[in-house]
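Take a look at the letters that make up each chain.
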There are 2 protein chains.
Amino acid sequence: MTHADLLDRYAELIVRSGVNVTAGQELVMTAPVDAVPLVRRITEHAYKAGATLVTTFYGDDEATLARFAHADDKSFDTAPAWLFDGFANAFKAGAARLAIIGEDPSLLAGQDPDKVTRANRARSKAYRPALELIAGHAINWCVAAAATPAWARSVFPGKAPAEALDALWRAIYTCSRADTPDPVAAWVEHSRKLRQRTDFLNGKRYQALKYKGPGTDLTLGLVDGHVWKGGASTAKNGVTCNPNIPTEEVFTMPHKDRVDGILSSTKPLSYQGTFIEGIKVRFEAGRIVESHADKGADIFATMIATDEGAARLGEVALVPHSSPISASGIVFNNTLFDENAACHIAVGQSYSDTLANGGSLSKDALAAAGANASLIHVDWMIGSGALDIDGVLADGRTEPLMRKGEWAA
Amino acid sequence: MTHADLLDRYAELIVRSGVNVTAGQELVMTAPVDAVPLVRRITEHAYKAGATLVTTFYGDDEATLARFAHADDKSFDTAPAWLFDGFANAFKAGAARLAIIGEDPSLLAGQDPDKVTRANRARSKAYRPALELIAGHAINWCVAAAATPAWARSVFPGKAPAEALDALWRAIYTCSRADTPDPVAAWVEHSRKLRQRTDFLNGKRYQALKYKGPGTDLTLGLVDGHVWKGGASTAKNGVTCNPNIPTEEVFTMPHKDRVDGILSSTKPLSYQGTFIEGIKVRFEAGRIVESHADKGADIFATMIATDEGAARLGEVALVPHSSPISASGIVFNNTLFDENAACHIAVGQSYSDTLANGGSLSKDALAAAGANASLIHVDWMIGSGALDIDGVLADGRTEPLMRKGEWAA
Ligand SMILES: [Zn+2]
Ligand SMILES: [Zn+2]
Ligand SMILES: [Zn+2]
Ligand SMILES: [Zn+2]
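Parameters and conventions
- Residues numbered from 1 in each chain as written.
- Chains lettered and ligands numbered in written order.
- Predicted model: local features only at pLDDT ≥ 70, side-chain atom pairs only at ≥ 80, totals over all residues.
- Heavy atoms only, no water.
- Helix = DSSP H or I, 4+ residues; strand = E, 2+ residues; numbered from the N terminus.
- Buried < 20%, exposed > 50% of the residue type's maximum accessible area, 1.4 Å probe, protein only.
- Salt bridge = Lys/Arg side-chain N within 4 Å of Asp/Glu carboxyl O.
- Contact = heavy atoms within 4.5 Å.
- Buried area = accessible area lost by both parts, 1.4 Å probe.
- Polar contact = N/O pair within 3.5 Å; in protein donor to acceptor, adjacent residues only side chain to side chain.
- Nonpolar A, V, L, I, M, F, W, Y, C, P; charged D, E, K, R; others polar.
- Domains from an automatic or database assignment.

Engineer: Any chance you could break down the side chain of Ser 352 of chain B for me, citing the residues and the numbers?
Structural biologist: Checked against the element boundaries, Ser 352 of chain B lands in the loop between β16 (344-348) and α12 (363-369). We classify Ser 352 of chain B as buried; its relative accessible area is 11%.

In structure tokens:
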């Protein structure tokens, strides 16, 4: 298939299986300016699916760099709250949300870490009203990727620019199953398999998971009434969507106060324009009390100091080491892909729909149940071919859940 | 100078002399995706000028066409109110506004006029809260242009695409004085000359203007306390800006109930993606009671039926026939340029700062003074080398103001 054919199939997959925009619904999209060709295909398919209006907000890495190069210091405590409030208002009025990502993973690598942190914090704070509606699954939403020259350069530094861009597109198509004969049907089947896994895990009612691997020895408590999720998921507005394309993970809610031990990252984390590598942390009663990183330690330390919830877990996710994304051998320098290549956890905001009835609980009730709250939600990879995980049953007995990174049951 | 040099000078001119974004101010920009290179230069100069944050909302003609080609009928009564409310909130919080235009003038020429009209009406209605802050000059704002392939093709249909684009950029630079040795200084001098003309007109206290030309025989009453404006103008936030680049007009407020006679357009009007040509209208007591157009008559009729104020005047503007834009001999198919090549009027919303104290009056008080209110503000060109205009003094005597399209006094 030509790139144009694949792009069109991928766009249709994102519209139909990803965000699943329904007739009469508005669609609010964000995308990098380099993604104009994909956005145009998505826009057409969204209108064909009955969207009343597709509104795209383009971001531009060059504009961000101009800000870091030339803006006054006080710029870095500023965020477009008026825009994010607009997003939240659109969601409240029923709009679906589609994020096309493809930013340069190391865009801000050379910038003042203090400015990076402050800008991220201001942005996270302003984005909170919109994020709560997404994290609470009030609406159907999806995150998918577009290959961009800067991202491709970062993934394939040895290739010529056009070749790198093409290789990244091909990898995206393959990981997203867009190059299969019937991508929409492939996603139905994929979702069915993830559902089998979540059904199995939900039946177990584990009270905790025990992780053992190089630099990792951790007991991670799960909230009572936790719900394992994965693949397609139904939002409160009744629309079933696939929030991530690709997705290989099953995930649930850790208890914010019941995590103890040490944990090491196994892949680089690209966090808003900088790389954080070699993370080692120690948890006590759910909180990170010691942290280290071989690279980006300052950014990491400031990230987990964003607020009280930023140093506690909001998500735990299991991905077999043999996942197709892992099998591709590519390190994407992008969480959407890399988190689906390895077991991971996220610090920060939890997803209330990974707790039974979580969507209808007050903030206080959620916190009492062990759900975490934060301005941030940052996934990092802890899985490898050397990771063993046990499940701790209600009566305290343990059983093997993963061995050497693969499902043991 | 190279195109890159000129683009940078033009961007700096837009930032410094146009919107004049001040230190500590946010900037909200809209632009076509084809204008990315200009927007990047503007963004850099805005940060250098002390902007805290530059946020650009890109529009895409292709997305608009996809909507007309594929969207369900009910789409055409929809507009992104959440976005425009966001703009209004940004302006209320102190942001400056910059609109970069460059759309295909005949983008929607082949589309169902009913859908075009409904989409425009929904958009105008949703945009109203933001428009009122701009029309009321609450903030510093500016409209400037970027050459785009589709616009260039429309202006220079005989030229090859690259040549047409280059010719349009050159015309934009020349009309904007960006190719003079010191563009910012050139604009200070230009504004001084326009100020001499507005001082002269403001001293006259004309109660009305009388127009005579081919197909035109009109008495146009001015509001008591009208203020002629032109060139640089100071917003209520205290910032002096040039709202249009280029600008050659001086303009003031007609009385919404005191316009009588017939009026003919002299240039094609590009109205939201379609052309309206050969407009002939008859006014009675301020209202258009008969209308005709050689082309686009349906769109025109629907446009002036948008609301009560859409068939009454909100602006009257004088431009000598020898203006540099007129002298270029180019018909730009774009109001920003063509209105500065000829005397024109606008139906719809009036600018409250063209009435003494208008900015502090209530809506009722503005209406009582003769100010017009509408969802739309559409300029069309009525000037030519064959137009004579007389001023009617307070005592009823008339005196020549323009003869054969040139200043007579
Ligand atoms: Zn995850
Ligand atoms: Zn996550
Ligand atoms: Zn005008
Ligand atoms: Zn006007």
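Following the structure, the description resumes.
Engineer: Any chance you could break down the pattern of salt bridges for me, citing the residues and the numbers?
Structural biologist: Inspection of every chain in the model, using the stated rule, returns 54 salt bridges over all chains. Two residues, Arg 118 of chain A and Asp 114 of chain A, come together in a salt bridge whose shortest N-O distance is 3.2 Å. Taken as a pair, Arg 118 of chain A and Asp 114 of chain A lie in helix α5 (residues 113-135) at a separation of four residues, close to a single helical turn. Residue class for Arg 118 of chain A comes out buried when judged on its relative accessible area of 16%. With its nearest N and O atoms 3.8 Å apart, the salt bridge here joins Arg 170 of chain B to Asp 166 of chain B. Of this pair, Arg 170 of chain B and Asp 166 of chain B both sit in helix α7 (residues 161-175), four residues apart, which is roughly one turn of that helix. The structure contains a network of salt bridges with shared partners spanning Lys 256, Asp 257, Arg 287, Glu 308 and Arg 312 of chain A.

Engineer: Give a detailed account of the interface of chain A and chain B, specifying residues and quantitative values.
Structural biologist: Counting residues at the interface gives 34 residues for chain A, matched by 34 residues for chain B. For the pairing of chain A and chain B, the buried interface totals around 3100 Å² over both sides, and the portion due to carbon and sulfur atoms is 71%. Interface area lost by chain A to chain B is led by Tyr 47, His 70 and Trp 82 of chain A, which between them contribute 23%. The interface formed by chain A and chain B contains two salt bridges. Close ionic contact of Asp 60 of chain B with Arg 40 of chain A constitutes a salt bridge, the shortest N to O distance being 2.8 Å. Counting the contacts that link chain A with chain B gives six residue pairs in polar contact (both at pLDDT 80 or more). Taken together, the residues of the side of chain A that touches chain B sort by class into 17 nonpolar, nine polar and eight charged.

Engineer: Can you tell me about the domain arrangement of chain A, naming the residues and giving the values?
Structural biologist: Residue and element names in this part refer to chain A. Domain boundaries in chain A define domain 1 (3-175) and domain 2 (205-228 + 246-407). Between the C-alpha centres of domain 1 and domain 2 there is a distance of 24 Å. Of the roughly 2500 Å² buried at the junction of domain 1 and domain 2 (both faces included), carbon and sulfur atoms supply 64%. At the boundary of domain 1 and domain 2, one finds four residue pairs in polar contact (both at pLDDT 80 or more). When residues of the side of domain 1 that touches domain 2 are assigned to their parent elements, the largest contribution, 11 residues, is made by α5. Looking at the side of domain 1 that touches domain 2 residue by residue, the class counts come to 20 nonpolar, seven polar and five charged.

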